[in-house]
Amino acid sequence: METVYADCNGTTPLRKAVRDAVSECLEETWANPSSTYDAAVKAKDTVEQARERVAKLINSSPETIIFTSGGTESNNMVLYSVAEATTTSSFIPHVVISAVEHDSVVLCARHLHQQGKITLTEVELEHDGSLSPSKVLAACTPQTTLVTVMLANNETGVIFPVSHIVKHVRDVYPAVLFHTDAAQAIGKIEVDVVELGVDYLTLVGHKFYGPRVGALYRRPGAPLTPLFYGGGQERGQRPGTENTAMISGMESPNDVTITSSDVTLTSSFGVMDITPNIVFYIYSMNPFLIYKHDI
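In this report, we go over the structure that sits alongside the text.

Basis of the calculations
Residues numbered from 1 in each chain as written. Predicted model: local features only at pLDDT ≥ 70, side-chain atom pairs only at ≥ 80, totals over all residues. Heavy atoms only, no water. Helix = DSSP H or I, 4+ residues; strand = E, 2+ residues; numbered from the N terminus. Expected span 1.5 Å × (residues − 1). Contact = heavy atoms within 4.5 Å. Pairing = 2+ DSSP bridges. Axes fitted to C-alpha atoms, helices over the stretch in contact; angles between N-to-C directions. Buried < 20%, exposed > 50% of the residue type's maximum accessible area, 1.4 Å probe, protein only.

Another point: helix H4 (residues 103-114). If you check H4, its first and last C-alpha atoms are 16 Å apart, about what 12 residues at 1.5 Å a residue would give, namely 16 Å. Buried positions along H4 lie against helix H3 (71-86), strand E2 (94-98), strand E3 (119-123) and strand E4 (144-148). In the stretch just after H4, Gly-116 is the one whose phi turns positive, near 80°.

Below, the structure written as structure tokens:
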């Protein structure tokens with residue numbers, strides 16, 4: 001019996017094409033991308049090609065993409081940046097988040113609140129797991145600097161109406177910055193930063209059949225402060241020698257297809273044979289359930 005892997009919202013398996021790309025990079029483009037000799041330039045080209053792919057994936061341009069170690073770093077970077085950029089002796093920024101954000105948002109925001117660097121409001125969901133744009137707006141004040149709302153929830157699969165929330169809030173508070181953690185949405189639904197209207201967006205490679213590496217979209221002009229200091233990598237916004245091999249594996253998930261003739265699903269109700277059409281239906285309705293297959 002074929003095993004069903006149903007934790008793709010935790011981590012997806014690596015696509016064969018990604019494994020091949022990473023292996024090739026480890027063998028051929030292992031040099032430091034910040035150097036200037038031929039091997040280093042090849043490594044730099046690999047990083048920049050990946051940047052272009054990621055940017056295209058969300059309808060953006062390469063200069064807006066910053067590679068990070070993962071979603072946790074990307075989310076923390078946004079919160080710390082906004083706090084540092086807007087806090088003064090006479091002004092403490094207000095941040096609004098949903099109550100079900102990833103811990104890297106919730107715990108970071110609560111820590112900043114406890115440190116007196118921000119004030120914080122956590123917006124509860126509706127009984128059906130949705131997030132009301134009206135409730136988010138009601139939580140905002142003239143001091144609100146940042147709203148961060150995930151695009152798709154990792155536990156329920158509910159897609160939050162981020163673009164509507166952005167419009168709803170900005171009609172009243174036009175200067176508010178918006179961040180969305182799109183880790184659970186990339187590869188499952190179309191993600192377009194222009195349509196969403198956000199200033200920051202978090203991507204995570206291992207949520208869409210890639211390696212454990214992250215990226216942050218930052219709208220030009222939106223405040224961004226490095227979490228740590230060192231070299232001038234990522235245009236000085238995220239220092240540290242780039243993880244070229246893992247970055248090379250951040251490929252578009254758009255060509256992922258289901259090709260198995262049929263799949264066996266084990267559940268508490270017994271064992272069922274599932275045809276590809278039903279697998280497509282289940283996948284589209286519930287992004288948690290993806291059968292194990294060599295893609």
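Picking up where we left off.
With that settled, the discussion passes to the sheet that holds strand E7 (residues 214-218). The mixed open sheet is built from seven strands, whose spatial order is E1-E7-E6-E5-E4-E2-E3. Looking at which strands have only one partner, the edges of the open sheet turn out to be strand E1 (65-68) and E3. This sheet shows a mean twist of 20° between the axes of neighbouring strands, independent of strand direction. In this structure, E1 lies alongside E7, joined through four bridges in antiparallel fashion. Bridging across to E7, Ile-66 finds its partner in Leu-216. Strands E2, E3 and E4 of the sheet are contacted by H4, whose axis makes an angle of about 145° with E3.

When E2 meets E3, the two strands line up parallel, connected through five bridges. Considered in E3, the bridge of Val-95 is made with Leu-120.

So, on to the side chain of Thr-68. Secondary-structure assignment places Thr-68 in strand E1. The exposure class of Thr-68 is buried, given its relative accessible area of 4%. Sequence-distant contacts of Thr-68, defined by excluding residues within four places in its chain, comprise Glu-73, Ser-74, Met-77, Val-213, Gly-214, Ala-215 and Arg-238.

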